[in-house]
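# Architecture at a glance
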Amino acid sequence: MAPLHIVGAPLSFAESKAHLKAVRRRGVQQFIQLYQRVEHAQTAELLWGDELEYHVLKLFFGSGDNDSARTVKLSLRAPELLNQLAIAEGSDPRRIDGCAWHAEYGTWMVEATPREPYGGYATELLRVERSMRLRRQRLLSVLAPDEIITTMPTFPLMGVGEFTHPHFPVNGPNAQSSCVPDEATNPHPRMQTLTANIRARRGSNVDVRIPLYKDVATPEFKAAEVTPESKAPTVAGDAMAFGMGNCCLQVTFQARDVHESRFLTDQLAVLAPIFLALTAATPVFKGRLVDTDVRWAAIEQAVDDRTPAERRAEGEAVPEGAEECGLAGDGVRRFAKSRYASISHYIYDCPVAKLKGEPNPTAELNDLNCDVDPEIATMLREAGIDEMLTQHIAYNFSRDPLVIFRERLEVEDTTEDFESLQSTNWNSVRWKPPPTLDSPIGWRTEFRSMEVQMTDFENAAFCTVVMLLTRAILAFDLDLLVPLSKVDENMHRAHDRDAISTQKFHFRKHLAPPRKPGDVAPCRCSMLDGSSDTEEMTLAEVLNGKGSYFPGLLPLCGAYVDSIRFDAATRGEVHKYMKLLALRASGQLQTNAQWQRELVTTHDDYRFDSVVSPAIAHDLALAVHEVGIGKRACKEVLGEVIIDPILPVDAWDIKLESSRMEGSTHCQLLHEYMNRPCFMNRLKSETKDEVFCSSFFAGRRKAGREAVYISNMGGLTI
């Protein structure tokens with residue numbers, strides 16, 4: 001989400017109109033200044049990290065014979081929990097393995113990251129799962145007894161009845177939703193204003209429509225109501241919370257320089273739909289089973305601020321009188337996509353081609369028709385920004401800023417306006433310049449498409465494999481690029497129910513040109529030949545290989561691991577992660593979505609009507625929680641992997657104190673210790689005298705005092 005450290009009095013959208021153009025121009029100027037200042041910045045060290053998001057839920061149990069009355073609700077306590085966690089973490093700032101806690105869109109949501117980024121050594125891969133388990137453990141430690149946390153994208157009862165605790169009335173002034181109260185949104189003024197201004201700019205509530213799953217008794221599919229000409233039944237949502245209230249898994253990499261960051265951004269954009277399908281975990285929406293398995297389209301629609309004219313079909317004329325002064329493009333420039341979407345431009349600049357005076361070979365793969373603001377594009381070109389980046393920035397800044405703080409309208413020497421618009425263009429991959437002019441943070445790429453998984457083992461597996469793929473792509477000079485229209489098509493296919501086994505995805509057949517022994521490796525630009533050397537492959541083929549010409553992504557990771565000689569412990573853990581992905585892609589293990597759908601459809605309360613009742617939602621959420629903490633086995637998803645239990649009792653580190661104890665305290669401790677069977681057995685073993693041991697303890701009990709005993713156990717003083 002957008003940065004929350006900036007606060008003030010936000011303008012309503014009506015008040016913002018007079019400033020929209022100025023803020024957009026100022027944001028572009030800030031980018032130009034930033035880019036020119038740090039364009040040649042380099043970072044030798046690889047740093048990377050992940051972001052995990054959690055739902056905090058409250059369980060309600062039925063009483064007596066009315067067990068079917070059980071349900072689960074969103075616990076709107078995230079601000080309170082975040083405060084507790086921040087205080088606890090702050091007590092030990094030197095710990096590298098600590099956690100960083102962040103607010104999210106929902107008042108029930110918590111985001112967590114490692115306190116310090118992972119480094120560039122192979123053994124750092126072992127930190128990932130350990131860090132994720134620690135975050136889950138520490139969050140568990142501050143929950144109430146009737147609260148749980150789940151790492152699943154969508155809360156199954158979002159928008160159904162009284163689904164929050166405490167309960168608040170709906171139809172608040174910001175969301176104006178018929179089913180979601182404003183109090184469910186983070187109280188930070190940025191979040192509340194974002195909710196209100198998206199609705200105000202588009203001229204209506206957002207309109208989320210997800211295809212309904214057809215079961216044998218689903219009432220919406222009665223023959224009398226559905227004809228071949230009619231639209232398929234959908235499940236509807238009318239608030240931003242139906243999208244931004246979803247949890248996800250993201251991973252960010254710091255690149256060596258601007259060129260590597262742009263190259264990786266393009267390559268990862270091709271992988272975004274692949275990993276969206278692999279991590280599918282969203283079969284339920286607003287209390288109904290739906291005919292999709294992922295969250296992406298729901299978020300896409302939930303933040304869609306386009307006016308009706310901007311949403312019009314290609315080739316359709318602008319409606320008369322649709323122009324609205326003050327809006328970017330007068331509110332009628334057509335956008336094929338929402339602000340939340342797969343990328344619309346490749347951005348790699350191909351510096352070698354530029355030096356040779358040759359065309360950028362990537363450019364012809366940008367085959368989407370995307371109108372940009374011509375004035376902003378001119379500003380960028382005149383500043384010397386190359387055409388690939390000009391198109392990307394100009395497209396993003398063809399959108400209006402959504403949150404403007406009154407106090408920040410005249411602030412100079414900052415990148416606030418750039419970051420505000422950059423952070424509210426939510427793409428499948430985000431290219432991230434250094435955050436400020438003097439920041440030690442380098443050029444980064446953020447991979448954003450993955451669905452959060454039930455267990456930390458799975459989440460660590462996906463983050464680790466994506467990281468290894470970035471290294472393999474760079475080390476082996478690979479090229480994954482396909483025309484962007486095919487990436488968009490892959491994103492659509494990834495939404496299908498059971499896409500992992502039923503869909504095929506456009507993928508490049510040859511990731512590197514043929515090379516003879518002794519040939520010099522081609523430069524990265526020559527790899528990007530602009531061809532569409534693609535075919536449709538199953539996910540099993542993409543991951544595990546096809547024929548003799550396509551090795552598969554996982555064997556490439558394995559080859560990279562072998563090439564740099566991982567230590568045995570790291571190699572063993574990475575092998576487990578790659579095995580999970582290989583088995584899932586081949587259909588031998590279920591996705592989270594398949595497992596959840598099966599749990600719902602085989603539940604005793606399910607009536608084959610696509611309805612996820614409160615009792616079913618309760619049992620589903622509890623099951624996901626228990627799988628996540630290792631309390632419930634889940635061979636269908638994890639295979640032979642067993643999750644070690646995660647207990648809140650051991651969440652926080654114990655300091656090795658050396659302060660002197662009170663005499664009564666340490667005597668009591670010694671008394672308890674010396675009466676333990678393990679101590680008695682050790683004393684017998686060392687002294688070889690059971691009679692002495694018995695009389696020693698009997699005498700201590702009879703005397704009723706704590707003696708100081710110098711044992712012959714290696715001279716140990718007790």
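All of these numbers come straight from a predicted model, not from anything done at the bench.

### What about the overall build of the protein?
Regarding its fold elements, the protein presents 25 helices and 17 strands. Among the 718 residues that make up the protein, the fraction classed as buried is 57%. The long-range share in the protein, meaning contacts at least 24 apart out of those at least 6 apart in sequence, stands at 75%. With an accessible surface of roughly 30300 Å², the protein has 52% of that area assigned to carbon and sulfur atoms.

### Quick notes on the confidence of the model for the protein
Chain-level statistics for the protein give a pLDDT mean of 90 and a share of 88% at 70 or above. When the criterion is pLDDT under 50, residues 701–718 qualifies, and its contacts beyond four places in sequence or with other chains add up to 25 contacts.

### A look at the pattern of salt bridges
Applying the stated criterion to the full structure yields 47 salt bridges. Residues Arg-201 and Asp-305 are paired through a salt bridge, measuring 3.8 Å at the closest nitrogen-oxygen approach. Taken together, the positions of Arg-201 in helix H5 (residues 189–202) and Asp-305 in the loop between helix H8 (296–302) and strand S12 (340–341) put the pair 104 residues apart, joining distant regions of the chain. Note on accessibility: Arg-201 and Asp-305 belong to one class, buried. Among the ionic pairs, Glu-458 bridges to Arg-584, the shortest N-O distance being 2.7 Å. Of this pair, Glu-458 sits in helix H13 (residues 456–475) while Arg-584 sits in helix H19 (residues 568–585), placing them 126 residues apart in sequence. Take Glu-458 and Arg-584: they sit in the same class, and that class is buried.

### Remarks on the side chain of Glu-89
Within the secondary structure, Glu-89 is located in helix H3 (residues 78–90). For Glu-89, the residues in contact, after removing those within four places along its chain, are Gly-98, Cys-99, Trp-101, Arg-115, Arg-138 and Trp-652.

### Section: the packing of aromatic side chains
Taken as a whole and assessed by the stated rule, the structure comprises 19 aromatic pairs. Aromatic side chains Phe-263 and Tyr-348 sit 5.2 Å apart centroid to centroid with 70 degrees between the ring planes, which places their arrangement in the edge-to-face category. A residue pair is termed long-range when its members are at least 10 positions apart, and Phe-263 in helix H7 (residues 258–278) and Tyr-348 in the loop between S12 and helix H9 (351–356) qualify at 85 residues. On the basis of relative accessible area, Tyr-348 is assigned to the buried category, the value being 5%. With 5.5 Å between their ring centres and 15 degrees between their planes, Trp-431 and Trp-443 make a pair best called stacked. Remark: Trp-443 occurs in the loop between strand S14 (429–432) and strand S15 (444–447) and Trp-431 occurs in strand S14; sequence separation between them is 12 residues. Three or more aromatic residues link up through ring pairs in this structure, and these residues are Phe-31, Tyr-35, Phe-397, Phe-418, Trp-431 and Trp-443. Seen from the ring of Phe-335, Arg-399 lies directly overhead, with NZ or CZ sitting 4.1 Å from the centre. A cation over a ring is seen here: Arg-597 above Tyr-213, with NZ or CZ 5.1 Å from the ring centre.

### Description of the nonpolar core
Judged by nonpolar contacts, the single largest core of 162 residues is most densely connected at Phe-275, Tyr-346, Phe-447 and Phe-507. Here Tyr-346 is in contact with Asp-266, Val-270, Thr-362, Leu-365, Asn-366, Met-388, Leu-481, Val-482, Pro-483, Leu-484 and Val-487, once residues within four sequence places are set aside. Counting residues in hydrophobic clusters, the runner-up holds 25 residues, among them Val-38, Ala-377, Ile-385 and Ala-394.

### Some words on the packing of helix H4 (residues 125–141) against H19
Contact geometry of H4 with H19 gives a least axis separation of 9 Å together with a crossing angle of 60 degrees. With respect to their mutual orientation, H4 and H19 come out oblique. Across the interface between the two elements, Leu-125, Leu-126 and Glu-129 of H4 pack against Ala-569, Thr-570, Glu-573, Val-574 and Tyr-577 of H19. Residue classes in the contact of H4 with H19 are distributed as five nonpolar, one polar and two charged.

The rules we used
- Residues numbered from 1 in each chain as written.
- Predicted model: local features only at pLDDT ≥ 70, side-chain atom pairs only at ≥ 80, totals over all residues.
- Heavy atoms only, no water.
- Helix = DSSP H or I, 4+ residues; strand = E, 2+ residues; numbered from the N terminus.
- Buried < 20%, exposed > 50% of the residue type's maximum accessible area, 1.4 Å probe, protein only.
- Contact = heavy atoms within 4.5 Å.
- Areas by Shrake-Rupley, 256 points an atom, 1.4 Å probe, with all protein chains shown as cover.
- pLDDT = per-residue confidence, 0-100.
- Salt bridge = Lys/Arg side-chain N within 4 Å of Asp/Glu carboxyl O.
- Phe/Tyr/Trp six-rings, centres within 6.5 Å; stacked < 30°, edge-to-face > 60°.
- Lys NZ or Arg CZ within 6 Å of the ring centre and 35° of its normal.
- Core = buried A, V, L, I, M, F, W, Y, C linked by side-chain atoms within 4.5 Å.
- Axes fitted to C-alpha atoms, helices over the stretch in contact; angles between N-to-C directions.
- Parallel < 35°, antiparallel > 145°, perpendicular 65-115°, else oblique.
- Nonpolar A, V, L, I, M, F, W, Y, C, P; charged D, E, K, R; others polar.

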